[in-house]
Amino acid sequence: MAAKVLEKEQLSENVFKLVFDAKKIAKKRKPGQFVVIRIHEEGERIPLTIANADPEKGTVTVIFQTVGKTTTHLSGLDVGDEILDLVGPMGKPTHIEKVGTVVCIGGGVGVPCVYPIAQGMREAGNHVIAIVGARNKDLILMEDEMKAVSDELLIATDDGSYGFHGFVSQALEEECIKKGKKIDHVVSVGPVPMMMAVCNTTKKYNIPTIVSLNPIMVDATGMCGACRVSVGGKTRFVCVDGPEFDGHEVDFKQLIDRQRIYLDQEKESMDHYCSCKQGRGGK
Amino acid sequence: MDMKERMKLPRHPMPEQDPKVRARNFDEVPLGYTPETAKEEALRCIQCKNPTCIEGCPVEIDIPGFIKLVAEGDFLGAARKIKEKNALPAICGRVCPQEDQCEARCIRGKKGEPVAIGRLERFVADYERSQGEVSIPEAASPTGKKIAIVGSGPAGLTVAGDLIKLGHDVTIFEALHKPGGVLVYGIPEFRLPKAIVASEIDYLKKLGVKVATSNVIGKLKTIDELFEEGYDAVFLGTGAGAPTFMNIPGENYNGIYSANEYLTRSNLMKAYLFPEYDTPIVKGKNVAVIGGGNVAMDSARTALRLGADNVYLVYRRSEKEMPARIEEVHHAKEEGIQFHLLTNPTRYIGDENGWVIGMECLRMELGEPDASGRRRPVPIKGSEFVIDVDTVVVAIGTGANPLIQSTTPGLDTNKWGYIMTNEETGQTSREGVFAGGDIVTGSATVILAMGAGRKAATAIHKYVMNK
Ligand SMILES: Cc1cc2nc3c(=O)[nH]c(=O)nc-3n(C[C@H](O)[C@H](O)[C@H](O)COP(=O)(O)OP(=O)(O)OC[C@H]3O[C@@H](n4cnc5c(N)ncnc54)[C@H](O)[C@@H]3O)c2cc1C
Ligand SMILES: Cc1cc2nc3c(=O)[nH]c(=O)nc-3n(C[C@H](O)[C@H](O)[C@H](O)COP(=O)(O)OP(=O)(O)OC[C@H]3O[C@@H](n4cnc5c(N)ncnc54)[C@H](O)[C@@H]3O)c2cc1C
Ligand code: SF4
Ligand code: SF4
Ligand code: FES
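Undergrad: Tell me about the sheet that holds strand β11 (residues 152-157) of chain A, residues and numbers included.
TA: The strands making up a sheet associate through backbone hydrogen bonding, with each pair oriented either parallel or antiparallel. All names here are of chain A. Pairing in this open sheet of seven strands is mixed, and the strands run β12-β11-β10-β9-β13-β14-β17 from one edge to the other. Whereas interior strands pair on both sides, the edge strands pair on one side only; in this sheet they are β12 (164-165) and β17 (244-246). Packed on one face of the sheet, helix α3 (residues 111-123) meets β9 (101-107), β10 (127-134), β13 (185-189) and β17 and runs near 165 degrees to β9. Across the sheet, helix α5 (residues 168-177) is in contact with β9, β10, β11 and β12; its angle to β10 comes to roughly 140 degrees.

Undergrad: Got a sec to walk through the site of ligand 1? Specific residues and values, please.
TA: All names here are of chain A. Surveying the vicinity of ligand 1 reveals 24 residues, the closest of which are P47, I63, Q65, T71 and Q259. Note that an oxygen atom of ligand 1 is positioned 2.9 Å from one of the side-chain N or O atoms of E44. In the model, a nitrogen atom of ligand 1 is placed 2.9 Å from a nitrogen or oxygen of the T49 side chain. Relative to its unbound accessible area of 850 Å², ligand 1 is 88% covered by the protein chains. Mapped onto the shell around ligand 1, the elements with two or more residues apiece are β4 (46-49), β6 (59-65) and α2 (69-75). Looking at which element gives the most residues to the shell around ligand 1, the answer is β4, with four residues. Among the residues making up the shell around ligand 1, the classes are represented as 13 nonpolar, seven polar and four charged.

Undergrad: Could you give an account of the site of ligand 3, with specific residues and numbers?
TA: Near ligand 3 the following residues occur: B:C57, B:P58, B:I61, B:I63, B:N86, B:C92, B:C96, B:Q98, B:Q101, B:C102, B:E121 and B:I447. Taken together, the residues of the shell around ligand 3 break down into eight nonpolar, three polar and one charged.

Undergrad: Account for helix α6 (residues 75-83) of chain B, with residues named and values stated.
TA: The complete set of buried residues in α6(B) reads B:F75, B:G77, B:A78, B:A79 and B:I82. On the buried face of α6(B), the contacting elements are α3 (35-43), α5 (63-71), α7 (89-95) and α8 (117-130) of chain B.

Undergrad: Which residues make up the pattern of salt bridges, and what values go with them?
TA: Residue and element names in this part refer to chain B. Under the defined criterion, the tally for this structure stands at 50 salt bridges over all chains. With its nearest N and O atoms 2.7 Å apart, the salt bridge here joins R191 to D298. Separated by 107 residues along the polypeptide, R191 in the loop between α10 (182-185) and α11 (194-207) and D298 in helix α14 (residues 294-305) bring together distant segments of the chain. Of the residues examined, D298 reaches a relative accessible area of 4% and is grouped as buried. Between E424 and K455 there is a salt bridge, with its nearest N and O atoms 3.8 Å apart.

Undergrad: Tell me about the nonpolar core, residues and numbers included.
TA: Residues and elements named next belong to chain B. Core analysis: the largest hydrophobic core is formed by 75 residues, its most contacted members being I63, F66, I67, V70, I91, L120 and I460. When residues in this core are grouped by element, the largest group, ten residues, is from helix α17 (residues 446-466). Each residue touching I67, except ones within four places of it in the same chain, is listed here: A42, C45, Q47, V115, I117 and L120. Of all hydrophobic cores here, the second largest spans 57 residues; its members include V216, V314, C361 and V392.

Reading the values: rules and limits
- Residues numbered from 1 in each chain as written.
- Chains lettered and ligands numbered in written order.
- Predicted model: local features only at pLDDT ≥ 70, side-chain atom pairs only at ≥ 80, totals over all residues.
- Heavy atoms only, no water.
- Pairing = 2+ DSSP bridges.
- Helix = DSSP H or I, 4+ residues; strand = E, 2+ residues; numbered from the N terminus.
- Contact = heavy atoms within 4.5 Å.
- Axes fitted to C-alpha atoms, helices over the stretch in contact; angles between N-to-C directions.
- Near = heavy atom within 4 Å.
- Polar contact = N/O pair within 3.5 Å; in protein donor to acceptor, adjacent residues only side chain to side chain.
- Areas by Shrake-Rupley, 256 points an atom, 1.4 Å probe, with all protein chains shown as cover.
- Nonpolar A, V, L, I, M, F, W, Y, C, P; charged D, E, K, R; others polar.
- Buried < 20%, exposed > 50% of the residue type's maximum accessible area, 1.4 Å probe, protein only.
- Salt bridge = Lys/Arg side-chain N within 4 Å of Asp/Glu carboxyl O.
- Core = buried A, V, L, I, M, F, W, Y, C linked by side-chain atoms within 4.5 Å.

Following this line, the structure appears as C-alpha cells:
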C-alpha cells in the first residue's frame, strides 16, 4: 500500500519523525509492532517501529535515525510525498499485563520504540519508571512524551551533559535497584550493546527483562529467515516470533555479527546514492 | 506430410543460450521455437483418437486440439484453445515438469521421444503476447458477490481469473509488494522472465480483478474481519513459504541463507542489479547449495550468475533420487555446477566475526527404501571431510507459514500445519473458506496449484450463488 507523508519533523541532528497516512494500520496496531517501508521501485524493504498511531486520524508515526541509504533517503522526503509501500502491523505485540513496577528503558532511537510500550504498561495499571538515555543532551529524544506516560522519569547521558552521568544500565543499577526500588519487570530497547549491558545488570538481580531486537529483515512475514537469532539455543525468526524476547536468553554476539553482513555493500549503496544525487536527482 | 514421414520427424531441440555465456547473465536460458520449428514439431503429434497426454495434464488442456492449430499455423487459435483450460500457458510451458506429466503420457514417447508439448505451449503463449493486445472477453453480468483471495501465487491467480469471468467482485490480498507468489520471488528470471508474470497479472487486472499488495492477512485483517467487511467467500492460496533449516551447529553464521532469502533477494528485490537496486546479497566465491530439488538448482545457478568461482550442489542421496526436473539438472551441469552427491553437511565452521568458512560433511550410502519409496541415505562412519565455503544456501524444503491458521479460529490443519480441505472442492472446516495449492499439499508444482484453484473456483461459485 502506498502511503503519503502528512507531517515531518527533525528531532535531532540524525533523527527524524514522519507521520504517514495509513488508516488500516493505525486502527490495528498494538504496542511493540512495526511496519516495513519501501520507498520506490528500486528500494529495499526496511522495518521501523510504530512509535505512535492515531486511529481517529488514521496516522502512523515512525521515528528513525539516518544510518545508511534508505533512512537517509527517507529523511529527505517532504510533506505530501508518497512512498510505494507501508506494510504492517508486523511482529507480535508486547505482552502487556499488570505486574507491579516496570522499568522501560530506551536508548537513542530505542526511545520511540519503548514509548508505546511504556504507554501500554501504564494503562494496564503498572507503576512505570522510564529511563531515557543518549550520548549527550542534544540527542535525548521524546523527553516530554516519555514523561507523560511514566510515573518517574530518569535521564542518562554518556557524557553527563544532562541527568545521570553514565549508561542507562548504570542508571538502572545505581538509581533504582540499589536505592531499594522493587522492580518486577524491565523492558529495554536500543542499540544492541546497550540492551546487552542492561541484561547483564538485570541478570545479577534476577529481574525478568524483555528486549526488542533489530536484525536485518527482508519480507518480515516469516518467509526468508534473514532475521533469525538464537534465543535460549533455539533459532527464532524475529519478524514473526518477536521482535521481543527474553533478554537473558538472546545470543547478542550472533545478532551483532549478523547485523554486519552487508557492511561493505551498505557503504557502496550510500556512495552510489550520494553520487547519483549530485548527478541526476538520485533514487 | 503423410503419417510415415511425420513418424520420422525427430523431436526438435530447444535453442538455448550457450552455457558459458548464460552462466554469467540473468537472461532466459531457452530461446523458444521459431514459427517454422513449432509447426514441424506440431506435425509430430499423430492426433490420437484416445489422447493419453490429456490425462497427464492436471488441467486437462485439449493438447491434440491446440497442436493441430499450431500445425495449421493458426497460432492465435491455438492460444485460445489452451486458454479454455489454462490461463497461464506462458508460465506452464516453461516450468511444468512435462516429463512427468503430459509428455510422460504421450504415445510417441513409447517408441522414441514424446511430442514437445510444453515447448509448443510456450511458443503459442509467447506468440500471442508478441502480437500485442490480448483480447479481453466481454464482462459477465455482475453477481454482486464479493470474493477475497489471500495470496497471489498460481492458485490464487487461477481462482481470481475463473471467478471474475463469472461476474464476481474479486480482490486478491498479497503480503509482498508484488503479486505472483513463487513465480516472482522464487523462480529466477533466467527460467521465468518476470515480465511474463507481470503481463498475466495485468490481464487479470484488465478483467477487473483488484490486487491489493502489501496486505498481510492475519495481521492487517483477519479472515473473520474480511467476512465482516462483506466478503461472501474467502480463498486461501498462501503457499508453503516458511523455510526449513537443518538445525545443525553454526547454521546462523553470516553467509548462510535459506533458499527463500537468497532467491527473494535476487529475484523479488533484484539484488543482482545492486547498487542500482538497494538490496544487497552476499556474492560468494565458493558457494555450497544443500538440496536436490528445483529450488536447489535455481539457487546454485543464481550463485553462478552472481559471480561465484565454484558452486557445489550438496545432496544426500544420488542423482536418481533428485526431485528436480531433469532439464534443470542438465542445465546446471552444463553451466558448471559441481555435484557432491551422497554427501550431507553436519556442521559449519565460522571465523571470529561469525562468517562461515567451512562446512563439515559426511559421505552417505544408500540403504533400504524409506516411506517415500526412495532409498534412504545412511552416513558412512568416520567419513567426515571439510569443504571450504564462504556462502551456503539451504534448500531442503519449506513448510506452512502459520500466520493465517493461528488467527483463524476453527480452521483445521494437519500435524504439519497445512490446511485440511475437501479434495474435490477445496472447502475447509470453516464455512465460506476455501483453500488450495501448496498451503494444502505442501510444496508441489505450479500446475497442481492451478488445478486446485480451478476446483475451488467452481465450488466457490456454487457456494456463493446458493447462499
Ligand atoms: C523490528 C525493527 C524495528 C526497527 N525500528 C527502528 C526505529 O523505530 N527507528 C530506527 O531508526 N531504526 C529502526 N530499526 C532499524 C532500521 O530498520 C535500520 O536502521 C534500517 O534498516 C537501516 O537502513 P539504511 O539503508 O538506512 O542503512 P544501511 O546502510 O542499510 O544499514 C545500516 C544498519 O542498519 C541495519 N539494517 C540494514 N538493512 C536492514 C533491514 N532491511 N532490516 C533491518 N535492519 C537493517 C544494518 O544492520 C546496519 O547496521 C528497526 C529494525 C527492526 C528489525
Ligand atoms: C525456487 C522454486 C522453484 C520452483 N520451480 C518449479 C518448477 O520449475 N515447476 C513447478 O511446477 N513448480 C516449481 N516450484 C513450485 C511452485 O512454484 C509452487 O508449487 C507454486 O508456486 C505454489 O503455488 P501457490 O499458489 O500455492 O503458492 P505460492 O506461489 O507460494 O504463493 C503464495 C502467495 O501467498 C502470499 N501470502 C502468504 N501468506 C499471506 C498472508 N497471510 N496474506 C497475504 N498473502 C500471503 C505469499 O506472499 C505468496 O505470494 C518451485 C518453487 C520454488 C520455491
Ligand atoms: S499445463 Fe503443463 S501439464 Fe498441462 S499440457 Fe501444459 S505443460 Fe503439460
Ligand atoms: S499422446 Fe502425443 S501424439 Fe497423441 S495426441 Fe497427445 S501429444 Fe499427440
Ligand atoms: S524477515 Fe524474512 S523471515 Fe523474518
